[in-house]
Amino acid sequence: MSDKKLIDANLSVGFVAKRSGVKVSTLHFYESKGLIRSWRNNGNQRRYKPDVLRRIAVIKAAQTMGITLEDIKQTLSTLPEQRTPTKQDWAALSKVWQTQLDERIQYMQRLRERVNGCIGCGCLSMAKCPIYNKDDYLGEENSGAVLLERD
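All values derive from a computational prediction rather than experimental measurement. (Residues numbered from 1 in each chain as written. Predicted model: local features only at pLDDT ≥ 70, side-chain atom pairs only at ≥ 80, totals over all residues. Heavy atoms only, no water.)

Examining the pattern of salt bridges
- Considering all chains together, one arrives at 2 salt bridges under this definition.
- Between E31 and R46 there is a salt bridge, and its shortest N-O distance comes to 3.0 Å. With E31 in helix α3 (residues 24-32) and R46 in strand β3 (residues 46-48), this pair connects stretches of sequence that are 15 residues apart.
- On the accessibility criterion, E31 (21% relative accessible area) is partly exposed. (Salt bridge = Lys/Arg side-chain N within 4 Å of Asp/Glu carboxyl O. Helix = DSSP H or I, 4+ residues; strand = E, 2+ residues; numbered from the N terminus. Buried < 20%, exposed > 50% of the residue type's maximum accessible area, 1.4 Å probe, protein only.)

What follows is the structure, given as structure tokens:
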């Protein structure tokens, strides 16, 4: 398909799936979550505008970074009229996500430092545990592996 044809095109779900590298079911899922949108032609078939390809690329890039679909949706909703992100939009969106990634990296580094020999449960059985839970005082606060998440 030439660039001219692509600009004016009303793309089928199959074409969009193939071109974007996602399954048709993924497109339907994204649509159900409000991440992308389509319209129906006279034959009641889904059709997409070509800019959906960029929007899907942004979604896939964000997912690769570990950004949740809910965060992606929330961030994309800040764009006027649900437009597809421009280069300038991407710069702003990526700054928001970079902050989230930095926070996640710091969190994971803290976990890495604490996980050696301890699952953070506040157990009663590991005599050499750095957070040995004598008399189960932690049982009154929480249960499970919650101590690894403390600062």
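What to know about the sheet that holds strand β1 (residues 11-12)
- Overall, antiparallel pairing links the 3 strands, which are arranged β1-β3-β2 in an open sheet. Among the strands making up the open sheet, the edge pair consists of β1 and β2 (39-40).
- Note: β2 against β3, 2 bridges, orientation antiparallel. Within β3, the position partnered with R40 by the bridge is R46. (Pairing = 2+ DSSP bridges.)

A look at helix α4 (residues 52-64)
- The end-to-end C-alpha distance of α4, which contains 13 residues, comes to 18 Å, matching closely the 18 Å that a straight helix rising 1.5 Å per residue would cover.
- Within the sequence span of α4, burial applies to V52, L53, R55, I56, V58, I59 and A62.
- Directly beyond the C-terminal end of α4, a positive phi value near 90° is found at G66. (Expected span 1.5 Å × (residues − 1).)

Quick notes on the nonpolar core
- V16, L27, I36, I56, I72 and L76 are the most contacted members of the largest nonpolar core, which has 22 residues in total.
- Among the secondary structure elements, those contributing two or more residues to this core are α2 (13-20), α3, α4, α5 (69-76) and α6 (87-114).
- It is α4 that contributes the most residues to this core, 6 residues altogether. (Core = buried A, V, L, I, M, F, W, Y, C linked by side-chain atoms within 4.5 Å.)

Comments concerning the environment of K49
- Inspection of the secondary structure assignment puts K49 in the loop between β3 and α4.
- Residue classification places K49 among the partly exposed positions, given a relative accessible area of 41%.
- As a C-alpha pair, K49 and S38 span 11 residues in sequence and 7.4 Å in three-dimensional space.
- Each residue touching K49, except ones within four places of it in the same chain, is listed here: A9, N10, L11 and W39.
- At 2.8 Å, the side chain of K49 forms a polar contact with the side chain of N10. (Contact = heavy atoms within 4.5 Å. Polar contact = N/O pair within 3.5 Å; in protein donor to acceptor, adjacent residues only side chain to side chain.)

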